[in-house]
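Coordinates in review
Spelled out from the first residue to the last, the chains are:
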Amino acid sequence: LPVHMGLVVTEEEPSYADMASLVVWCMAVGISYVSVYDHNGIFKRNNSRLMDEILKQQQELLGRDCSKYTVEFANQDKADQVLNCQSTLKVLSPEDGKADIVKAAQNFCQLVAQQQRTHTDLDVNVLDNLLSSTNGFPDPDLVLKFGPVDSTLGFLPWHIRLTEIISLPSHLNISYEDFFSALHHYAACEQRWGK
């Protein structure tokens, strides 16, 4: 089971209801971190609409067991936060990808200019710590990419260097069987770590 799953929509018309179902299914199977991304930033701009739909789907899909599955919304507005959570959700947009890497590089260069660091200090861990978009989140283990585009369209380019990416035709009307099949496919993958 992945610890962190990314849900990447490359389609032009994202569905809040279908994305909410996917998030709730992630919660129900025990995935600790979920990132939702679309290349137009629609979900992030309409964060509260997505959160409302998740809470509604949680009630519909999990019924009485709903209280066992809580979600923390890790985006900036802490008013949406739920404590004692099992899953943490982050809604991302293109500004959280390459732009975050540029910002981290600028911050590192400032530290070098201020002589708080040297250029030889830069390594994977230092860069990871300077990236703010996934602060507190592990790198995604699995990305489910929805849509006809054979690209992640800027989804956390630094963080997915070791991520398994599974493409599905669409998130619209996705079934639990399709979701579970993708998890089963991920479980059968062998990570060789470049060997």
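Now for a description of the structure that goes with this document. (Residues numbered from 1 in each chain as written. Predicted model: local features only at pLDDT ≥ 70, side-chain atom pairs only at ≥ 80, totals over all residues. Heavy atoms only, no water.)

**Details of the overall build of the protein**
Spelled out, the test is: Strands are runs of DSSP state E lasting at least 2 residues, helices are runs of H or I lasting at least 4, and numbering of each runs from the N terminus. For the exposure calls, accessible area comes from a 1.4 Å probe over protein chains only, and a residue counts as buried if that area is under 20% of its type's maximum, exposed if over 50%, partly exposed in between. Only heavy atoms enter the contact rule, under which two residues are in contact if any of them lie within 4.5 Å. With residues, only the protein chains shown are counted as cover, and all accessible areas are computed by Shrake-Rupley using a 1.4 Å probe.
Helix and strand counts for the protein stand at six helices and six strands. Starting at the N terminus and ending at the C terminus, the protein contains elements arranged as β-α-β-α-α-β-β-α-α-β-β-α. Residues counted as buried form 45% of the 195 residues belonging to the protein. Sequence separation of at least 24 residues holds for 70% of the intrachain contacts in the protein that already meet a minimum separation of 6. With an accessible surface of roughly 10,400 Å², the protein has 50% of that area assigned to carbon and sulfur atoms.

**Section: helix 3 (residues 47-62)**
Put simply, the rule is: In this scheme, a helix's expected span is set at 1.5 Å multiplied by one less than its residue total. The reported arc concerns the directions from the helix axis to the C-beta atoms and nothing else.
Over its 16 residues, helix 3 runs 22 Å from end to end, which matches the ideal 22 Å to within 8%, given 1.5 Å per residue. Within the span of helix 3, buried status applies to Asn 47, Leu 50, Met 51, Glu 53, Ile 54, Gln 57, Gln 58 and Leu 62. Relative to the axis of helix 3, the buried residues are bounded by an arc of 160° and lie together on one face. Residues of helix 3 that are exposed and point more than 90 degrees away from the buried face comprise Arg 49, Asp 52 and Glu 60. Backbone geometry just after helix 3 places Gly 63 at a positive phi near 55°.

**Things to note about the environment of Pro 14**
Considering the arrangement of structural elements, one finds Pro 14 in the loop between strand 1 (4-9) and helix 1 (16-29). Pro 14 sits in the buried class, given a relative accessible area of 14%. Spatially, the C-alpha atoms of Pro 14 and Ile 42 are 7.8 Å apart, while their sequence positions differ by 28 residues.

**A word on the pattern of salt bridges**
Filter applied, for reference: A pair is scored as a salt bridge if a Lys or Arg side-chain nitrogen falls within 4 Å of a carboxyl oxygen belonging to Asp or Glu.
With the rule as written, the count across this model stands at three salt bridges. Asp 96 is the partner of Lys 44 in a salt bridge, and the nearest nitrogen-oxygen pair spans 2.8 Å. With Lys 44 in helix 2 (residues 42-45) and Asp 96 in the loop between strand 4 (87-92) and helix 4 (98-113), this pair connects stretches of sequence that are 52 residues apart. There is no split in this pair, since Lys 44 and Asp 96 are both buried. With a shortest N-O distance of 3.9 Å, Glu 53 and Lys 56 are connected by a salt bridge.

**Examining the packing of aromatic side chains**
To keep things clear, this is the line we draw: Pairing of aromatic rings covers Phe, Tyr and the six-membered ring of Trp, with a centre-to-centre limit of 6.5 Å; geometry is then stacked below 30 degrees between planes, edge-to-face above 60, and tilted otherwise.
For the coordinates displayed, the defined rule picks out six aromatic pairs. Where Tyr 16 meets Phe 43, the ring centres are 5.3 Å apart and the plane angle is 90°; that geometry is what we call edge-to-face. Linking Tyr 16 in helix 1 with Phe 43 in helix 2, this pair joins segments that are 27 residues apart in sequence. For Tyr 16, a relative accessible area of 8% corresponds to the buried category. With relative accessibility at 0%, the residue Phe 43 sits in the buried group. Ring geometry for Tyr 37 and Phe 155: centres 5.4 Å apart, planes at 65°, overall edge-to-face. Here Tyr 37 is found in strand 2 (residues 33-38), whereas its partner Phe 155 is found in the loop between strand 5 (142-146) and strand 6 (164-168), with 118 residues between them in sequence. You can call Phe 155 buried: its relative accessible area is 0%.

**Description of the pairing of strand 4**
Burial within strand 4 is extensive, with six of its six residues counted as buried. The side-chain alternation of strand 4 yields two buried faces, one formed by Ser 87, Leu 89 and Val 91 and the other by Thr 88, Lys 90 and Leu 92.

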